[in-house]
Amino acid sequence: MKRFDYFLPQSLEEALELKKKIPNSRFIAGGTDLMVQIRGGELKPSALISLRSIPDLSSIEINGSIRIGAMTTVTDLIYNPDLEHQAKLLVDAARRVGSPQIRNVATVGGNLCNCSPCADLALSLLVLEAKARIQSLSGTQDVPLQKFFESPGKSCLSPDQILTDIFIEPVSSNTKSVFLKKGRVKMDLAVASVALLLEMEGEICRKARVAAGSVAPVPLRLQKVEVLLEGQALSPELADLAQRMASESVAPISDIRGTEEYRRQIVGVYVKRGLAQILGWGLV
Amino acid sequence: MKKEILFSLNGIEVSVFVLGHERLIDVLRKHLSLTGTKEGCGQGECGACTVIVDGRAVNSCLYPALEISGKSVLTIEGLQGPEHRLSVLQQAFVDCGAIQCGYCTPGMILSVKALLDSNPKPTEEEIREALQGNLCRCTGYVQIITAVKQAARHLLELS
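Residues numbered from 1 in each chain as written. Chains lettered and ligands numbered in written order. Predicted model: local features only at pLDDT ≥ 70, side-chain atom pairs only at ≥ 80, totals over all residues. Heavy atoms only, no water.

1. Structural notes on the sheet that holds strand β5 (residues 72–74) of chain B
All names here are of chain B. Stated formally: Whether two strands pair comes down to DSSP finding at least two bridges between them. A run of DSSP states H or I qualifies as a helix once it reaches four residues; a run of E qualifies as a strand once it reaches two. Both are numbered from the N-terminal end. Lines fitted to C-alpha atoms define the axes, with helix axes restricted to the stretch in contact, and inter-axis angles between N-to-C directions lie between 0 and 180 degrees. Any two residues whose heavy atoms approach within 4.5 Å are treated as being in contact.
Strand order across the open sheet formed by five strands is β2-β1-β5-β3-β4, with mixed pairing between neighbours. The sheet terminates laterally at β2 (12–18) and β4 (56–59), the two strands that pair on one side only. Neighbour-to-neighbour, the strand axes of this sheet turn through a mean angle of 40°, independent of strand direction. Across two bridges, strand β3 (residues 50–53) lies against β5 in antiparallel orientation. Residue pairing across strands places Val 53 opposite Val 73, the latter belonging to β5. Set on the sheet, helix α1 (residues 24–31) makes contact with β1 (3–9), β2 and β3; between it and β2 the angle comes to about 100°. Along the sheet, helix α3 (residues 105–118) contacts β3, β4 and β5; its crossing angle with β3, the most-contacted strand, is approximately 35°.

2. Details of the packing of aromatic side chains
As a reminder, the rule being used: Side-chain rings of Phe, Tyr and Trp (the six-membered ring for Trp) are treated as a pair once their centres are within 6.5 Å; stacked means planes under 30 degrees apart, edge-to-face means over 60, and tilted covers the remaining angles. Buried residues are those whose accessible area, probed at 1.4 Å on protein chains only, stays under 20% of the maximum for their type, while exposed residues exceed 50% and partly exposed ones sit between those limits. Definition used: whenever NZ (Lys) or CZ (Arg) falls within 6 Å of the ring centre and also within 35 degrees of the ring normal, the charge is taken to sit over that ring.
In total, this model carries one aromatic pair over all chains according to the counting rule given. Ring centres of A:Phe148 and A:Phe149 lie 5.5 Å apart, and the angle between their planes is 90°; on these two criteria the pair is classed as edge-to-face. Across the pair, A:Phe149 and A:Phe148 agree in class, each one buried. Just above the ring of B:Tyr63 sits the side chain of A:Arg52; from NZ or CZ to the centre is 4.8 Å. Its guanidinium or amino end placed over the ring of A:Phe7, B:Lys3 lies 4.7 Å from that ring's centre, counting from NZ or CZ.

3. Concerning the pairing of β3(B)
Side chains B:Thr50 and B:Ile52 of β3(B) all project onto a buried face; the interleaved residues B:Val51 and B:Val53 project onto the opposite face, where all are buried too. Following β3(B), the chain reverses through two residues before pairing antiparallel with β4(B); B:Asp54 in that reversal takes a positive phi of roughly 45°.

4. Overview of the pattern of salt bridges
The line we're drawing: Criterion for a salt bridge: a side-chain nitrogen of Lys or Arg within 4 Å of a carboxyl oxygen of Asp or Glu.
Summed over all chains, the structure comprises 27 salt bridges over all chains. For A:Glu61, the salt bridge goes to A:Arg67, with nearest N and O atoms at 3.0 Å. On the basis of relative accessibility, which here comes to 43%, the residue A:Glu61 falls in the partly exposed class. By relative accessible area, which is 12% here, A:Arg67 ends up buried. One salt bridge connects B:Lys149 with B:Glu124, and the closest N-O pair in it is separated by 2.6 Å. You can see B:Lys149 sitting in helix α5 (residues 142–158) and its partner B:Glu124 sitting in helix α4 (residues 124–130), a full 25 residues away along the chain. Assessed through its relative accessible area of 35%, B:Lys149 is described here as partly exposed. Taken together, the shared-partner salt bridges in this structure form one network comprising A:Glu129, A:Lys207, A:Arg209, A:Arg221, A:Glu226 and A:Glu230.

5. With respect to the domain arrangement of chain A
We apply this condition: Where each domain starts and ends follows an automatic or database-derived domain assignment.
By the assigned domains, chain A splits into domain 1 (5–50), domain 2 (60–168) and domain 3 (175–279). The C-alpha centroid of domain 3 of chain A is placed 35 Å from the C-alpha centroid of domain 1 of chain A.

6. Considerations on the interface of chain A and chain B
Which entries qualify depends on this criterion: Put simply, buried area is how much 1.4 Å-probe accessible surface two parts lose in total, over both of them, once they are put together.
Contacts between the two partners involve 29 residues from chain A, matched on the other side by 28 residues from chain B. For the pair chain A and chain B, the two sides together bury roughly 2,400 Å², of which 53% comes from carbon and sulfur. Linking chain A to chain B there are three salt bridges. Notably, a salt bridge pairs B:Arg56 with A:Asp76, separated by 2.9 Å at the nearest N-O pair.

7. Here's the deal with the sheet that holds strand β1 (residues 5–7) of chain A
All names here are of chain A. With respect to topology, three strands assemble into an open sheet ordered β1-β3-β2, the strand pairing being parallel. The open sheet is flanked by β1 and β2 (25–28), the only strands paired with a single partner. Strand-to-strand twist across the sheet, computed as the mean angle between neighbouring axes with direction ignored, equals 25°. Where β2 lies against strand β3 (residues 47–50), four bridges are found, and the strand directions are parallel. By the bridge assignment for β3, Arg 26 is matched with Leu 48.

8. Focus on the domain arrangement of chain B
Residue and element names in this part refer to chain B. Filter applied, for reference: The definition of a polar contact used here is a pair of N or O atoms within 3.5 Å, where within protein one atom must be able to donate a hydrogen and the other to accept one, and adjacent residues in sequence count solely through side-chain atom pairs.
Split into domains, chain B comes out as domain 1 (3–78) and domain 2 (82–158). Computed over C-alpha atoms only, the centres of domain 1 and domain 2 are separated by 21 Å. Residue-level contacts link 16 residues of domain 1 with twelve residues of domain 2. Taking both sides of the interface into account, the surface hidden between domain 1 and domain 2 amounts to around 1,100 Å²; carbon and sulfur atoms contribute 66%. Inspection of the region where domain 1 meets domain 2 yields zero salt bridges. At the boundary of domain 1 and domain 2, one finds four residue pairs in polar contact (both at pLDDT 80 or more).

9. Concerning helix α5 (residues 88–95) of chain A
Of all eight residues that make up α5(A), six are buried, and the element is covered over most of its length. Residues of α5(A) that are buried include every one of A:Leu89, A:Leu90, A:Val91, A:Asp92, A:Ala93 and A:Ala94, and no others.

10. Re a nonpolar patch on the surface
Residue and element names in this part refer to chain B. Rules: Patches draw on residues past 30% relative accessible area with no salt bridge. Two like charges within 9 Å are joined, as are two nonpolar side chains (Val, Leu, Ile, Met, Phe, Trp, Tyr) within 5 Å. The protein chains shown are the only cover counted for residues, whose accessible areas, like all others here, come from Shrake-Rupley with a 1.4 Å probe.
A cluster of nonpolar side chains, Leu 86, Val 94 and Ile 99, forms an exposed patch at the surface whose accessible area comes to about 230 Å². On the secondary structure map, Leu 86 appears in the loop between β5 and α2 (88–95). Among the residues examined, Leu 86 registers a relative accessible area of 43% and is labelled partly exposed.

So, in structure tokens, the structure goes:
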């Protein structure tokens, strides 16, 4: 493997200064994807700048809104005693990321910055309408997560920026959610996946948020499906319509894990199944 | 340029000089000649390289060596019981025929060790989940699951 230098800055400023100083350097979070890409020769950085030693980047704070440091591991999401109640969807998705060994090291920020269309955490965070806090030497800005993903492997971050935190608002008590993922075995990357969140008032859906993974160049909000459901009494007929609309509003590719047609089919079925699970209609 | 890392390895403080691109598995196998930890895929898929870092199972093939400074690492070599006898967990794998070629075994055992340390009475579902990241091409997993149940039982009897 090509040699590279490795730095462990102790502060964000130090990390950003190093990045500016060393041409062709990369930030590394958990490294579970980056290390594979480097070994495979897809990436040839001159140096890695680790974000693991920077204090505060790996903590979760729940104080009205929820702040999740970008270096929080997937396992820490799962075992946080409060997150299960405040953002169940995120914890459900976290449980479906990779293997225990991967979850113990992989981070929230890494999962997002990797910008994979199949990122499990990205889907649930899109549906929870998360904001990403981005820092550079010139200041801080918050970006809605929906604007964070640009194309496969490419986020809106410029080389001199670091994703430091994710912010989400706690969901209201009449909100229910579900995360569904299709893989051949449990630790697989998603062939297709769906995150669904509904805020209900009796039979009427007040708010619907739907996102799908592995079916477009980026993790995708299905806003047409959301509009279809909002303000309506949810019925099996409407769920059939949502299923068709979901299948039609994605743009999957065929690859080693599944065909375009199969992915469309799965996304549609999962939207309908998610609605059925949330509304207690039994198995679809 | 080589940098020094200091960490606890199987309960003993060690110091190693490593290069930036080296990984934990390189430190174990190349620098310290601890060849119990195996490298399978080198991509975090097979789990043959699993070791425990600060109580959690990780793939040592994906773990940058320089990140290990100040941490506590447990490998298969650190598991043996008194007078070089096998640990309860290792003995259960032997007794249940949970080993054929043996290449996946150190990783399997470390994943199970991490599980049983945090959850001494796992259900079969929890055992299967803890072993999601460990592939075995010989045994078909049935004997491995049996071995974990037996080990959990014996460890509870001993405690």
